[in-house]
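Now for the letters of each chain:
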Amino acid sequence: MMNEADVTPWAGQEVIDCHFHERATDEGLIAHLDGAGVSGALVLAFGDFTARHASLAQTHPGRILGWARGAKIVPSDVDPEGDGTSAAFDMTSETTPDAVTQLRQLKLGGWKGFAETGGPLEVDSPELQRAYALAGELDVPVMMHFQATAAPGQPAYGIRGFSRIEDMLKKYPRTRFVAHAPDFWGGIDARYRDGGMYLLDAVVPGGLSDRLLADYDNLYGDLGAPSALLQLRRDLDFTTAFLERHRSKLMFGSDCGCADGQGTPPDAPAWPVATGAAPADAGAGRPAAAGSAAGDADRPAPEPKFDAQMAAAMQTAMMALGGLAGKCIARELLDVVWRTTSPETFHDLVSANARRVYALDS
Ligand SMILES: [Zn+2]
Ligand SMILES: [Zn+2]
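For clarity, every value in this text was computed on a predicted model and none was experimentally measured.

J.: Sorry, what's going on with the overall build of the protein chain here?
T.: Along the protein chain, the regular secondary structure elements total 13 helices and ten strands. Counting the 362 residues in the protein chain, one finds 52% classified as buried. Of all intrachain contacts in the protein chain linking residues separated by at least 6 positions in sequence, the fraction that spans at least 24 positions is 79%.

Written out as structure tokens, the structure reads:
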């Protein structure tokens, strides 16, 4: 019997993963790319990745095409102590007057943008507007995790108010906004509202995300995480048309935490699996019948340190609850995109768009 993992129809093509969270070791980074049939990646780092980026360019030429760092990811991230966050990334404060100077320096070391940017913040908060303005000035994108409702037991690290992003798209026309996570992907359906539970039946056309992608040159979407995968799988006819309609606006990213690009769970502590808590993407990905996450929203949130190890643990829980245990999200996403697009559209979605939007060649 043929091993499913051996089937890699995109082998030999350029495939860029632009939602690839940092791993503890260089070998861990490359193992996931190799296992999933991915040629290169933009690393979403947890701190200043400049030195490691330079070292990887020597040891694994052409595999790591740049790195990014969110303007703000989780509440614990605000604490400048202990997590490697440089002051340049603390956009929650107006006390970083030389942010532009610092960020220009980081661009010389391979920094490509504010990714992944989270909350808890409103989409039009002063803090995020400062990040949008900086992104426009520096000519880098800002990739955002849109999720108004925290999953049970999880910190509320999503940005709220995706449905109000239109004002920001108008106000910051030079800024490239890259949307990701449940409220963006849920929004492909006309019935979806911010913070809702995913619908998994046939898509009702006319969703906000679909309209905004068509109407605004500066809005893009990230094809990563179970949030994208579950939505792309639910109605393949819709998916084919949606991917074709926005073939210059969507970019493959995996947000996969597996160890090897084959679905093997990472070697990481079981938090938050042991507490029974659902990770954000998976929680919102459950069908509505499974219950609402909102009922647990006022439970005190843990304040874990958000680093590579925790990201891996959250990814493990996400995969289990999304019905993806033992699967590599990168492979699953590439499979659905491969099956629903022409070779030309596939190339744009998995390679050309990422190179352009994140300016990977500059
Ligand atoms: Zn995210
Ligand atoms: Zn994987």
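Moving on from the coordinates now.
J.: Help me out: how do you make sense of helix 3 (residues 99–108) in this one?
T.: For an α-helix the count is 3.6 residues per turn, leaving residues at separations of three or four pointing the same way. Within the span of helix 3, buried status applies to Ala99, Leu103 and Leu106. In an axial view of helix 3, the angular spread of the buried residues amounts to 55 degrees, which keeps them on one side of the axis. Residues of helix 3 that are exposed and point more than 90 degrees away from the buried face comprise Thr101 and Leu108. Looking at the buried side of helix 3, the elements it contacts are helix 2 (50–59) and helix 4 (126–138). Two residues or fewer past helix 3, Gly110 is found with a positive phi of approximately 95 degrees.

J.: What's the story with the sheet that holds strand 1 (residues 16–21) in this structure? I'm lost.
T.: Note: strands within a sheet are paired through backbone hydrogen bonds, in either parallel or antiparallel orientation. Strand order across the open sheet formed by three strands is 1-2-3, with parallel pairing between neighbours. Looking at which strands have only one partner, the edges of the open sheet turn out to be strand 1 and strand 3 (64–68). For this sheet, the mean angle separating the axes of adjacent strands, direction not counted, is 25 degrees. Examined bridge by bridge, strand 2 (residues 40–44) and strand 3 share four bridges and lie parallel to one another. Bridge pairing in strand 3 places Leu42 opposite Gly66.

J.: What exactly am I supposed to notice about the pairing of strand 1 here?
T.: The buried fraction of strand 1 is high, at six of six residues. Regarding topology, helix 1 (residues 26–36) serves as the crossover connection from strand 1 to the parallel strand 2, and that connection is right-handed.

J.: Honestly, the sheet that holds strand 4 (residues 114–117) in this entry has me stumped. Any pointers?
T.: Here we have five strands laid out as an open sheet, ordered 4-6-8-9-10, and parallel in their pairing. The open sheet has two free edges, formed respectively by strand 4 and strand 10 (250–252), since each of these has just one partner strand. Here the strands of the sheet are splayed against their neighbours by 25 degrees on average, with no regard to which way each runs.

J.: How do you make sense of the packing of helix 8 (residues 225–233) against helix 12 (residues 329–340) when you look at a structure like this?
T.: The relative placement of two packed helices comes down to the angle between their axes together with the axis-to-axis distance. In the contact formed by helix 8 and helix 12, the axes pass within 10 Å of each other and the chain directions differ by 30 degrees. Classified by the interaxial angle, the pair formed by helix 8 and helix 12 is roughly parallel. Note that helix 8 runs across helix 12; the crossing there is left-handed. Residues Ala225, Pro226, Ala228, Leu229, Leu232 and Arg233 of helix 8 lie in contact with helix 12, whose contacting residues are Ile329, Glu332, Leu333 and Val336. Of the residues that constitute the contact of helix 8 with helix 12, the class distribution is eight nonpolar, no polar and two charged.

J.: Where do I start with unusual backbone geometry in this structure?
T.: Excluding glycine, residues mostly carry a negative phi; peptide bonds, for their part, are mostly trans. That bond from Ala115 to Glu116 is cis: its omega, 5 degrees, falls within 30 degrees of zero. By the element assignment, Glu116 lies in strand 4. At Ala225, a position not held by glycine, the phi torsion is positive, near 80 degrees. Looking at the element boundaries, Ala225 is found in helix 8.

J.: What should I look at first to understand the packing of helix 12 against helix 13 (residues 343–357) in this one?
T.: In the contact formed by helix 12 and helix 13, the axes pass within 8 Å of each other and the chain directions differ by 150 degrees. Taken together, the axis directions place helix 12 and helix 13 in an arrangement best described as roughly antiparallel. Seen along the crossing, helix 12 lies across helix 13 with a hand that is right-handed. Here Leu334, Val337 and Trp338 of helix 12 come into contact with helix 13, specifically with Phe346, Leu349 and Val350.

J.: Looking at this structure, how should I read the nonpolar core?
T.: Side chains that are nonpolar tend, in soluble globular proteins, to be buried together. Judged by nonpolar contacts, the single largest core of 86 residues is most densely connected at Leu42, Val43, Val142 and Phe252. Filtering out sequence-adjacent residues up to four positions away, Phe252 remains in contact with Val15, Ile16, Asp17, Cys18, Leu223, Leu333, Leu334, Val337, Leu349 and Val350.

J.: Even after reading the chapter, I still don't get helix 4, so can you show me in this structure?
T.: With 13 residues, helix 4 extends 18 Å from end C-alpha to end C-alpha; this agrees with the ideal 18 Å at 1.5 Å per step. When helix 4 is considered as a whole, its buried residues turn out to be Leu128, Ala131, Tyr132, Leu134 and Ala135. Angular distribution of buried residues about the axis of helix 4 spans 165 degrees; they occupy a single face of the element. Elements that come into contact with the buried residues of helix 4 comprise helix 3, strand 4, strand 5 (121–122), strand 6 (142–145) and helix 5 (165–171).

J.: I keep staring at the confidence of the model for the protein chain and nothing clicks. Help me out?
T.: Predicted coordinates in regions of low pLDDT should not be interpreted in detail. For the protein chain, mean pLDDT is 82; residues scoring 70 or higher make up 75% of the total. The model gives residues 73–88 a pLDDT under 50, and that stretch makes 40 contacts with residues more than four places away or in other chains. Counting interchain partners and residues more than four positions distant, the pLDDT-below-50 stretch residues 269–304 has 90 contacts.

J.: Any chance you could explain the pairing of strand 9 (residues 219–223) here in plain terms?
T.: Successive side chains on a regular strand alternate, one facing one side of the sheet and the next facing the other. For strand 9, the tally of buried residues reaches five of five residues, placing the bulk of the element in the interior. By the alternation rule, side chains of strand 9 split into Leu219, Gly221 and Leu223 and Tyr220 and Asp222, which are all buried. Relative to strand 9, strand 8 (residues 177–180) is paired through three bridges, and the arrangement is parallel. If you follow Val178 over to strand 9, its bridge partner there is Tyr220. Bridge count for strand 9 against strand 10 is three bridges, and the pairing is parallel. In the strand pairing of strand 10, Asp222 is matched with Met251.

Calculation criteria
- Residues numbered from 1 in each chain as written.
- Chains lettered and ligands numbered in written order.
- Predicted model: local features only at pLDDT ≥ 70, side-chain atom pairs only at ≥ 80, totals over all residues.
- Helix = DSSP H or I, 4+ residues; strand = E, 2+ residues; numbered from the N terminus.
- Buried ≥ 20, exposed ≤ 12 C-beta atoms within 10 Å, placed from the backbone.
- Contact = placed C-beta atoms within 7 Å.
- Arc of directions from axis to C-beta.
- Pairing = 2+ DSSP bridges.
- Axes fitted to C-alpha atoms, helices over the stretch in contact; angles between N-to-C directions.
- Right-handed = clockwise from strand over helix to strand, strands pointing away.
- Parallel < 35°, antiparallel > 145°, perpendicular 65-115°, else oblique.
- Left-handed = near helix turned anticlockwise from the far one by under 90°.
- Nonpolar A, V, L, I, M, F, W, Y, C, P; charged D, E, K, R; others polar.
- Core = buried A, V, L, I, M, F, W, Y, C linked by C-beta atoms within 7 Å.
- Expected span 1.5 Å × (residues − 1).
- pLDDT = per-residue confidence, 0-100.

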